[in-house]
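Remarks on the overall topology
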Amino acid sequence: MLRGPPLVWGGVWHQRKSMKNFQHIVKGSILLGLVVFSSGCIVAEPRDGYYEREHHRYYREHAWHECREHGDETYCR
């Protein structure tokens, strides 16, 4: 049993509860940070010179360029 005035008992209880809350906030923040950075940052960029047949375009210099047929040849800008 705790001895001393009730104010001291409440102070100890309040201090322990504050520390527990702080630990939960830190753990939650770390977990939230990991989820945010791991889920939204993974984007695969096509390699330079990749040709997409379905849309008749190719990827060059970080942008898509359309290709058009001109007679027997395919012209890409």
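Heads up: these notes are all about the structure in this document. (Residues numbered from 1 in each chain as written. Predicted model: local features only at pLDDT ≥ 70, side-chain atom pairs only at ≥ 80, totals over all residues. Heavy atoms only, no water.)

Right, let's talk about the overall build of the protein chain for a bit. Per the secondary structure count, the protein chain includes one helix and four strands. Written out in order from the N terminus, the α and β elements of the protein chain read α-β-β-β-β. Counting over 77 residues, the protein chain shows a buried share of 6%. A fraction of 0% describes how many contacts in the protein chain between residues 6 or more apart in sequence connect residues 24 or more apart. When the accessible surface of the protein chain is totalled, it reaches about 7,600 Å², and 60% of it is carbon and sulfur. (Helix = DSSP H or I, 4+ residues; strand = E, 2+ residues; numbered from the N terminus. Buried < 20%, exposed > 50% of the residue type's maximum accessible area, 1.4 Å probe, protein only. Contact = heavy atoms within 4.5 Å. Areas by Shrake-Rupley, 256 points an atom, 1.4 Å probe, with all protein chains shown as cover.)

As a further point, take the environment of Glu 61. Secondary-structure assignment places Glu 61 in the loop between strand 2 (57–60) and strand 3 (63–70). With relative accessibility at 57%, the residue Glu 61 sits in the exposed group. Placed 13 residues apart in sequence, Glu 61 and Asp 48 show a C-alpha to C-alpha distance of 6.7 Å.

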